[in-house]
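# Working through the structure, step by step
Here is what each chain is made of, one letter per residue.
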Amino acid sequence: MLTTPAIKVLEPGELDDALAVLDRDPVANAFVAARVQIAGLDPWRLGGEMWGWYADGRLESLCYAGANLVPVCATSEAVRGFAERARRQGRRCSSIVGPAGPTAELWSLLEPAWGPAREIRAHQPLMVTTGPSAEIAPDPYVRRIRKNEMDLIMPACVAMFTEEVGISPMAGDGGLLYQARVAELVGAGRSFARVENGKVIFKAEIGAATQRACQIQGVWVDPAYRGKGLSETGMAAVLRYALSDVAPVVSLYVNDFNTAARASYRRVGFEEVGAFMSVLF
């Protein structure tokens, strides 16, 4: 047992302890919890290491260190420890993302070594709902994308990612990893779209998903169809699927400067309960 504050890479046998930490906030921790529930703590399967911060022999905080660096239930002392380990290891992630407070503290410690960032989104409201609004009727034409429709959904996914992140997901490896992730969501029945004349005009996915909470991501409307209310009716449809088929709590996070989207999500039934922060490299 670790009797002094310390950080170590968690081992597969410590899965229950890790899940107990993740379960403290099933909404904010949905992304990491979903990965751990599927892959366990083996770094190869998990796609990264899970660092654990121990105080008085007890696992108190986590940090997922993979393609993203994600602090989980991280105290200030844990954040300092995670930052020191990350500094020594060198940057291997494409972003730092997580609850705004710990993520801001983590970045302040890493920026001298890792900066400058390509973009910082310091306040991304976290929105949650347990039931749809009665004001917005779900779009009846929004449906699950089928496994044989990858060619249909990929252009919309690439357009959304490029618009949202500022770089194309097809860069680097030619889009192999991104296409695999899209295919994974399609295969799991968590990719949704409205298709007209063979073209996607609205789409969204249920990304991270556990039994307790799931997260909607990748909301996109074809620019030619914006301003027609498709994002609201489309989101209402995806929300209906999420609540009935996936989890009792549905969340998303959105850029604070996107006031139109925030208002739209509120009308669909979401309310702001906290904030995330993203540092993009």
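About the thresholds
Every residue gets a number counted from 1 within its own chain, in the order that chain's sequence is written. In keeping with the predicted nature of the model, local features appear solely for residues at pLDDT of at least 70, side-chain atom pairs appear and are counted solely at 80 or more, and the whole-chain, interface and lining totals rest on all residues. Note: side-chain values were computed over all heavy atoms of the structure, leaving out hydrogens and water. A run of DSSP states H or I qualifies as a helix once it reaches four residues; a run of E qualifies as a strand once it reaches two. Both are numbered from the N-terminal end. We call two residues contacting when some pair of their heavy atoms lies within 4.5 Å. Axis angles are defined between N-to-C directions and span 0 to 180 degrees, where every axis is a line fitted to C-alpha atoms and, for a helix, only to the segment in contact. Oblique is the label for every angle not falling under 35 degrees (roughly parallel), over 145 degrees (roughly antiparallel), or within 65 to 115 degrees (roughly perpendicular). Two helices that cross are described as forming a left-handed crossing if the nearer one is turned anticlockwise from the farther one by less than a right angle, and a right-handed crossing if clockwise. The classification used treats Ala, Val, Leu, Ile, Met, Phe, Trp, Tyr, Cys and Pro as nonpolar, Asp, Glu, Lys and Arg as charged, and all other residues, Gly among them, as polar. For every residue, the accessible area obtained with a 1.4 Å probe (protein chains only) is divided by the maximum for its type, and the residue is called buried under 20%, exposed over 50%, and partly exposed between those limits. A strand pair is defined by DSSP finding two or more bridges across the two strands. Look down the strands so they point away from you; if the path from the first strand over the helix to the second goes clockwise, the crossover is right-handed. Centres within 6.5 Å make a pair out of two Phe, Tyr or Trp rings, where for Trp the six-membered ring is used; the pair is then stacked when the planes are under 30 degrees apart, edge-to-face when over 60, and tilted otherwise. Lysine and arginine charges are scored as sitting over a ring when NZ or CZ, respectively, is within 6 Å of the ring centre and within 35 degrees of the ring normal. To define a nonpolar core, start from buried Ala, Val, Leu, Ile, Met, Phe, Trp, Tyr and Cys residues and group those joined through side-chain atoms within 4.5 Å. Criterion for a salt bridge: a side-chain nitrogen of Lys or Arg within 4 Å of a carboxyl oxygen of Asp or Glu. Only a pair of cysteine sulfur atoms within 2.5 Å qualifies as a disulfide here.

In this fold, Ser 251 is placed in strand S11 (residues 250-253). With near-sequence residues (within four places) excluded, Ser 251 lies in contact with Val 27, Leu 126, Met 127, Val 128, Cys 214, Gln 215, Ile 216 and Phe 270.

This paragraph deals with the packing of helix H6 (residues 150-165) against helix H8 (residues 176-187). One can describe the packing of H6 onto H8 by two numbers: an axis separation of 11 Å at closest approach and a directional angle of 120 degrees. Accordingly, the angle class assigned to the pair H6 and H8 is oblique. Relative to H8, the crossing made by H6 is right-handed. Facing H6, whose interface residues are Met 150, Ile 153, Met 154, Cys 157, Val 158, Met 160 and Phe 161, H8 presents Tyr 178, Gln 179, Val 182, Ala 183 and Val 186. Broken down by class, the residue content of the contact of H6 with H8 amounts to 11 nonpolar, one polar and no charged.

Most of strand S4 (residues 68-72) is tucked away, with five of its five residues classed as buried. Here S4 shows two buried faces, one formed by Asn 68, Val 70 and Val 72 and the other by Leu 69 and Pro 71. As consecutive antiparallel partners, strand S3 (residues 58-65) and S4 are separated by two residues. Pairing of S4 with strand S5 (residues 95-99) involves two bridges; the strand directions are parallel. Looking at S5, one finds that Asn 68 is bridged to Ser 95. This β-α-β element, S4 to helix H4 (residues 76-89) to S5, shows right-handed connectivity.

Moving on, we get to the packing of aromatic side chains. Enumeration according to the criterion identifies eight aromatic pairs in this entry. Between the aromatic rings of Trp 51 and Phe 82, the centroid separation amounts to 6.4 Å while the plane-to-plane angle is 35 degrees, which identifies the pairing as tilted. Here the residue Trp 51 occupies a position in strand S2 (residues 49-55), and Phe 82 occupies one in helix H4, the gap between them amounting to 31 residues. Ring centres 6.1 Å apart and planes at 75 degrees place the aromatic pair Trp 114 and Phe 281 in the edge-to-face group. Of this pair, Trp 114 sits in helix H5 (residues 100-114) while Phe 281 sits in the segment after strand S12 (271-280), and the two are 167 residues apart along the sequence. Here Phe 281 falls in the buried class, since its relative accessible area comes to 16%. Here the aromatic residues Trp 107, Trp 114 and Phe 281 are joined through ring pairs into a cluster of three or more. Positioned over the ring face of Tyr 241 is Arg 240, at 5.7 Å from the centre of the ring.

In this structure, Val 238, Tyr 265 and Phe 270 are the most contacted members of the largest nonpolar core, which totals 28 residues. Of all the elements in the fold, those that place two or more residues in this core are strand S9 (199-209), strand S10 (214-221), helix H9 (230-245), S11 and helix H10 (259-268). A per-element tally of this core places H9 first, with eight residues. Counting 25 residues, the second-largest nonpolar core is a separate cluster that includes Val 21, Ala 28, Met 50 and Val 249.

All right, on to the pattern of salt bridges then. Per the stated rule, a full pass over the model turns up 20 salt bridges. Here Asp 139 ties to Arg 194 by a salt bridge, and the two come within 2.9 Å at their closest N and O atoms. Pair noted here: Asp 139 is in the loop between strand S6 (119-129) and strand S7 (142-144) and Arg 194 is in strand S8 (residues 191-196), with a separation of 55 residues, a long-range link. On the basis of relative accessibility, which here comes to 15%, the residue Arg 194 falls in the buried class. One salt bridge connects Glu 184 with Arg 181, and the closest N-O pair in it is separated by 3.1 Å. Placement of both Glu 184 and Arg 181 in helix H8 is noted, with a separation of three residues, approximately one turn of the helix. By relative accessible area, Glu 184 is classed as partly exposed at 44%. Connected via shared salt-bridge partners are Arg 24, Arg 58 and Glu 60.

What follows concerns the state of the cysteines. Taken as a whole and assessed by the stated rule, the structure comprises zero disulfides. With no disulfide of its own, Cys 73 lies closest to Cys 63 among cysteine sulfurs, the gap being 12 Å. The cysteine Cys 93 is free of any disulfide, with Cys 63 supplying the nearest cysteine sulfur at 8.9 Å.

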